[in-house]
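Summary of the model geometry
Here is what each chain is made of, one letter per residue.
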Amino acid sequence: QFWLMTDLLYTEKDLVTSLKDYIKAEESKLEQVKRWADKLDSLTATATQDPEGFLGHPVNAFKLMKRLNTEWGNLESLVLSDTTDGFISNLTIQRQHFPTDEDQTGAAKALLRLQDTYRLDANTISTGNLPGVKHKSHMTVEDCYELGKIAYSEVDYYHTELWMAQALKQLDDGEESTLDKVTVLDYLSYAIYQQGEIERALEYTKRLLELDPEHQRAKGNLKYFEFQLEKQKKAADAETEKQKEQGTTNTTEKKKVKKRSPKTFSLIPERKKYEMLCRGEGIRMTPRRQSRLFCRYYDSNRNPKYVLGPVKQQDEWDRPYIVRYLDIISDAEMERIKQLAKPRLRRATISNPVTGVLETASYRISKSAWLTGYDDPMIDTINQRIEDLTGLEMDTAEELQIANYGVGGQYEPHFDFGRKDEPDAFKELGTGNRIATWLFYMSNVSAGGATVFPDVGAAVWPQKGTAVFWYNLFASGEGDYSTRHAACPVLVGNKWVSNKWIHERGQEWRRPCGLSEAE
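Residues numbered from 1 in each chain as written. Predicted model: local features only at pLDDT ≥ 70, side-chain atom pairs only at ≥ 80, totals over all residues. Heavy atoms only, no water.

By the naming in an unreviewed UniProt entry, the protein is Prolyl 4-hydroxylase subunit alpha-1, taken from Amphiprion ocellaris. Per UniProt, the protein has the following entry under Subcellular location (unreviewed entry): "Endoplasmic reticulum lumen". (UniProt positions renumbered as here; feature names shortened; annotations may be inferred.)

The next thing to look at is the packing of aromatic side chains. Summed over all chains, the structure comprises 21 aromatic pairs. Between tyrosine 157 and tyrosine 190, the ring centres sit 6.0 Å apart and the planes meet at 80°, which makes this aromatic pair edge-to-face. In this pair, tyrosine 157 sits in helix 8 (residues 157-172) while tyrosine 190 sits in helix 9 (residues 181-194), placing the two residues 33 residues apart along the sequence. When the ring of tryptophan 370 is compared with that of tryptophan 501, the centres are 6.4 Å apart and the planes differ by 50°; the resulting orientation is tilted. With tryptophan 370 in strand 8 (residues 367-371) and tryptophan 501 in strand 18 (residues 495-503), this residue pair connects regions lying 131 residues apart in the sequence. Feature note: the residues Tyr145, Tyr152, Tyr157, Tyr187, Tyr190, Tyr193, Tyr224 and Phe225 constitute an aromatic cluster, connected by ring pairs. The lysine or arginine in question, arginine 434, covers the ring of tryptophan 501, its NZ or CZ lying 3.6 Å from the ring centre. The ring of tyrosine 405 has lysine 495 sitting right over it, with the charged end atom 5.0 Å from the ring centre. (Phe/Tyr/Trp six-rings, centres within 6.5 Å; stacked < 30°, edge-to-face > 60°. Helix = DSSP H or I, 4+ residues; strand = E, 2+ residues; numbered from the N terminus. Lys NZ or Arg CZ within 6 Å of the ring centre and 35° of its normal.)

At a closest axis distance of 9 Å, the pairing of helix 8 and helix 9 adopts a crossing angle of 150°. As judged from the angle between their axes, helix 8 and helix 9 are roughly antiparallel. Crossing of helix 8 against helix 9: the hand is left-handed. Residues Tyr157, Thr160, Glu161, Met164, Ala165, Ala167, Leu168, Leu171 and Asp172 of helix 8 form the contact with helix 9, whose participating residues are Lys181, Val184, Leu185, Tyr187, Leu188, Tyr190, Ala191, Ile192 and Gln194. Its residues assigned to classes, the contact of helix 8 with helix 9 shows 13 nonpolar, two polar and three charged. (Axes fitted to C-alpha atoms, helices over the stretch in contact; angles between N-to-C directions. Parallel < 35°, antiparallel > 145°, perpendicular 65-115°, else oblique. Left-handed = near helix turned anticlockwise from the far one by under 90°. Contact = heavy atoms within 4.5 Å. Nonpolar A, V, L, I, M, F, W, Y, C, P; charged D, E, K, R; others polar.)

What follows is about the side chain of threonine 117. Of note, threonine 117 is situated in helix 5 (residues 101-117). Excluding residues that lie within four positions of it along the chain, threonine 117 makes contacts with Arg271, Glu275, Cys278, Arg279 and Pro489.

Bringing the UniProt feature "repeat: TPR" (unreviewed entry) in the protein into the picture now. Those residues carrying the UniProt feature "repeat: TPR" (unreviewed entry) are residues 182-215 in this numbering. Between the end C-alpha atoms of residues 182-215 the distance is 9 Å, and the span holds 79% helix and 0% strand.

This part takes up helix 16 (residues 331-341). Note: α-helices contain 3.6 residues per turn, so residues at a spacing of three or four share the same orientation. For helix 16, the complete set of buried residues consists of Glu333, Met334, Ile337, Lys338, Leu340 and Ala341. On an axial view of helix 16, the arc spanned by its buried residues comes to 165°, and they lie on one face. Exposed residues pointing more than 90 degrees away from the buried face of helix 16 are listed as Asp331, Ala332 and Gln339. Those residues of helix 16 that are buried lie in contact with strand 8, helix 17 (377-390), strand 9 (400-405), strand 11 (434-441) and strand 18. (Buried < 20%, exposed > 50% of the residue type's maximum accessible area, 1.4 Å probe, protein only. Arc of directions from axis to C-beta.)

Compared with the 20 Å implied by 1.5 Å per residue over 14 residues, the 20 Å span of helix 9 between its first and last C-alpha is a close match. Buried within helix 9 we find Val182, Val184, Leu185, Asp186, Tyr187, Leu188, Ser189, Ala191 and Ile192. In this structure, the buried residues of helix 9 make contact with helix 7 (141-153), helix 8, helix 10 (198-211) and helix 11 (216-246). Following helix 9 by one or two positions, glycine 196 adopts a phi angle in the positive range, close to 90°. (Expected span 1.5 Å × (residues − 1).)

So, on to a negative patch on the surface. A cluster of acidic side chains, namely Glu27, Glu31, Asp38 and Asp41, defines a negative patch on the protein surface. Within the element layout of this structure, aspartate 41 appears in helix 1 (residues 2-49). With a relative accessible area of 52%, aspartate 41 lands in the exposed category. (Patch = residues over 30% accessible without salt bridge, like charges linked within 9 Å, V, L, I, M, F, W, Y side chains within 5 Å. Areas by Shrake-Rupley, 256 points an atom, 1.4 Å probe, with all protein chains shown as cover. Salt bridge = Lys/Arg side-chain N within 4 Å of Asp/Glu carboxyl O. Lys, Arg positive; Asp, Glu negative; His and termini not counted. Charge placed at Lys NZ, Arg CZ, Asp CG, Glu CD.)

Right, let's get into the nonpolar core. Core analysis: the largest hydrophobic core is formed by 50 residues, its most contacted members being Tyr118, Trp163, Val184, Val452, Cys488 and Leu491. Ignoring any residue separated from it by four or fewer positions in sequence, one finds valine 452 in contact with Tyr274, Leu277, Cys278, Ala458, Ala459, Arg484, His485, Ala486 and Cys488. Core analysis: the second largest hydrophobic core is formed by 35 residues, Met378, Phe440, Phe469 and Trp496 among them. (Core = buried A, V, L, I, M, F, W, Y, C linked by side-chain atoms within 4.5 Å.)

Now for the pairing of strand 15 (residues 466-471). In terms of burial, strand 15 is a largely internal element, five of the six residues being buried. As defined by bridge partners, strand 3 (residues 322-326) adjoins strand 15 across three bridges and the pair is classed as antiparallel. Looking at the pairing, arginine 324 lines up with valine 468 of strand 15. Note that strand 11 and strand 15 share six bridges and pair antiparallel. Residue pairing across strands places alanine 436 opposite tyrosine 471, the latter belonging to strand 15. (Pairing = 2+ DSSP bridges.)

The subject of this paragraph is the pattern of salt bridges. Applying the stated criterion across every chain, the model contains 30 salt bridges. Note that lysine 66 is salt-bridged to glutamate 71, the shortest N-O span being 2.4 Å. Judged by relative accessible area, which is 37%, lysine 66 ranks as partly exposed. A relative accessible area of 18% means that glutamate 71 is categorised as buried. A salt bridge links arginine 217 to aspartate 186, with the nearest nitrogen and oxygen atoms 2.4 Å apart. A residue pair is termed long-range when its members are at least 10 positions apart, and arginine 217 in helix 11 and aspartate 186 in helix 9 qualify at 31 residues. Judged by relative accessible area, aspartate 186 falls into the buried class, the value being 13%. The network of salt bridges with shared partners includes Glu161, Glu197 and Arg200.

Okay, structure coming up:
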């Protein structure tokens, strides 16, 4: 999607050029009309001071006839002439490539997803102060309002409040806007009410009525909110009376409830773990385990290709064992892969665990393409490199998959291997389960975009020209559930990866089966 949006940037640049040409034509037309008006202004001023004397000159009489009969007609034609043709036809042609309402809503949702995952406040996003940005971009009051409106239409009152409050803040700070505070306050008070905070909703409603005392909905809401607050107060008073009569209070019990022991990492819901790891928090590597992770020059069991030129290999994690290969794919190879993939990129699909059918899903937002040696012999060279370094058979592996994640692009926690409850996962391939995963990082990402393993608290960050590798199955063929992983949303930048899913068939002698389940 990232490179498709690049095309849109050039489309917009072309439209701006076209718009400037239209402005020039319109200015030139106005200039001619202005010159004509100035000339006639002085002429008629002189003529009307002494009409008889002026018309006593035969040339003046002739010129008056000519002006009124011909020249005013020409001026009318000039004023009516249409200079919009070029611009409008260009706009009409380009409009077929424009994004739809659905695209705009998708982009807004991506922004809200990033806001939650990376714990960004609305002001940070609006002022463009994101980590690693080259081009700062400010959001206008209208931008903030639009985002709030999209959240509102999705019945997401939490984000409606955040973005309407930001729009209001910018208006209060004196930003020029076609929007008025009344409209923003209307949304804001309703979103706050929907979240159960009637007192704050009432404050904003009062502020709205100060600006527009005749606002019908606000007048109705004011009465309703006051009634609800009175009702709550009476209920609270009645409860207090009841407790006094019983001679007990719940304060001690409340205190006890609050004194819960802090949650251990394993008890935190997966979604929270995923978001924490994406932010670089909660990584569970102890100094003792860290001391057992090494880097080395690796010749892949004295493989002839690597005896004289071993590759750089480093341990990223111990359980599951994840290794990274550095400088393992050249810039030229990465560029060629991207070139080949771009025209083939489609919205990535997932395998439905029940039916086994491929379909798009909201939790996998990226574009992907598959490349083979038929597309370019270089792909065969890369596949051979993976075989040489892993010692695994590539004939039964899936083709090389290229994925592009634009801003907000992500792939939520998933397993690469088929579980026991989905026996038909890779049945049609006839090559057994996915034994291992090899993942090339083909770009650096300014912010976000890590690969995280929520169950074990691991995070692997993109580094251009490197690749990571891990086994999804134990030697016994049992699935290693600790390899459940996710691609964090890209906050700033553009993430290109390519992966090779390696299957069990053909590995019988290369990675012999273990005798116990845990091997």
